[in-house]
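An overview of the molecular structure
Each chain is listed here by its residues.
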Amino acid sequence: MISNFGKCVRKIRDKQNDSLRQMAIKLGISAAFLSAMEVGRKQIPIEYAKKIKEIYDLSEEEENELEDSIYETNERVPLELAAMNEAQKDVSLMFARKIKTADEELLKKLKEALLDEKN
């Protein structure tokens, strides 16, 4: 079964008329490894988002979609605490502890607050 990452990179490949093998060559990996990432059998290094963005000249929206697909397929979102200030660290750690037990109302409020922040 194809993963979210697989769907996303297939869309990118289709747009450029590249095969899986051509994309793998451009990324410097084997076609078998790329295929395994597409179906979720291998973890996808987040650095691949940047490589793919540069190779395929993705828009910011396309890059964000690609990163999200990597996080969803890997079933994890890495946080670089070392690059954060104390307030960012505190909020990130509190969020990570509470998200599993958050009710729908809190999740809705958080999503709205984060979406408002983008604008």
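Let me sum up the structure you'll find in this document. Remember, it's a predicted structure, so these values are computed and weren't measured experimentally. (Residues numbered from 1 in each chain as written. Predicted model: local features only at pLDDT ≥ 70, side-chain atom pairs only at ≥ 80, totals over all residues. Heavy atoms only, no water.)

Thoughts on unusual backbone geometry
Rules: Note on classification: 1.4 Å probe, protein chains only; a residue is buried when its accessible area is under 20% of the maximum for its type, exposed when over 50%, partly exposed between these limits.
Phi at Asn17 takes a positive value of approximately 55°, unusual for a residue other than glycine. Overall, Asn17 belongs to the exposed group, its relative accessible area being 68%.

Digging into the pattern of salt bridges
Pairing of side chains with opposite charge becomes possible as their charged atoms draw close. Counted only if it meets this: One side-chain nitrogen of Lys or Arg within 4 Å of one carboxyl oxygen of Asp or Glu is enough to make a salt bridge. Working definition: helices are DSSP H or I runs of at least four residues, strands are E runs of at least two. Numbering for both runs from the N terminus.
Throughout the structure, instances matching the rule amount to 6 salt bridges. In this structure, the salt-bridge partner of Arg13 is Glu38, at a minimum N-O distance of 2.3 Å. With Arg13 in helix H1 (residues 4-16) and Glu38 in helix H3 (residues 31-38), the pair connects residues that are 25 residues apart, well separated along the chain. Neither residue differs from the other here; Arg13 and Glu38 are each classed as buried. One salt bridge connects Asp18 with Lys26, and the closest N-O pair in it is separated by 2.6 Å. Here Asp18 falls in the buried class, since its relative accessible area comes to 12%.

Concerning the side chain of Thr73
Short version of the rule: In protein, a polar contact requires one atom able to donate a hydrogen and another able to accept it; more generally it is a pair of N or O atoms within 3.5 Å, and residues adjacent in sequence count only if both atoms are side-chain atoms. Any two residues whose heavy atoms approach within 4.5 Å are treated as being in contact.
Tracing the chain through its elements places Thr73 in helix H5 (residues 60-74). A distance of 2.8 Å separates the side chain of Thr73 from the backbone oxygen of Ser69, its partner in a polar contact. Here Thr73 is in contact with Ser3, Asn4, Phe5, Met37, Gly40 and Ile44, once residues within four sequence places are set aside.

Here's the deal with helix H4 (residues 47-56)
Just so we agree on the cut-off: Comment: arc refers to directions from the helix axis out to C-beta atoms.
For H4, the full list of buried residues reads Tyr48, Ala49, Ile52 and Tyr56. Down the axis of H4, the buried set is contained in an arc of 105°. They therefore lie on one face. Turned more than 90 degrees away from the buried face of H4, the exposed residues are Glu47, Lys50 and Glu54. Tucked inside the fold, the buried residues of H4 contact H1, helix H2 (20-27), H3 and H5. Looking at the residues trailing H4, positive phi occurs at Asp57, about 50°.

Some points on the packing of aromatic side chains
Stated formally: Between rings of Phe, Tyr and Trp, where Trp is taken as its six-membered ring, a pair exists when centres lie within 6.5 Å; planes separated by under 30 degrees are stacked, by over 60 edge-to-face, and by other angles tilted. Whether a charge sits over a ring depends on NZ of Lys or CZ of Arg being within 6 Å of the ring centre and within 35 degrees of the ring normal.
Applying the stated criterion across every chain, the model contains 0 aromatic pairs. In this structure, Lys51 packs its charged tip against the face of Tyr48, placed 5.0 Å from the ring centre.

Shape is all these values report; function is a separate question.
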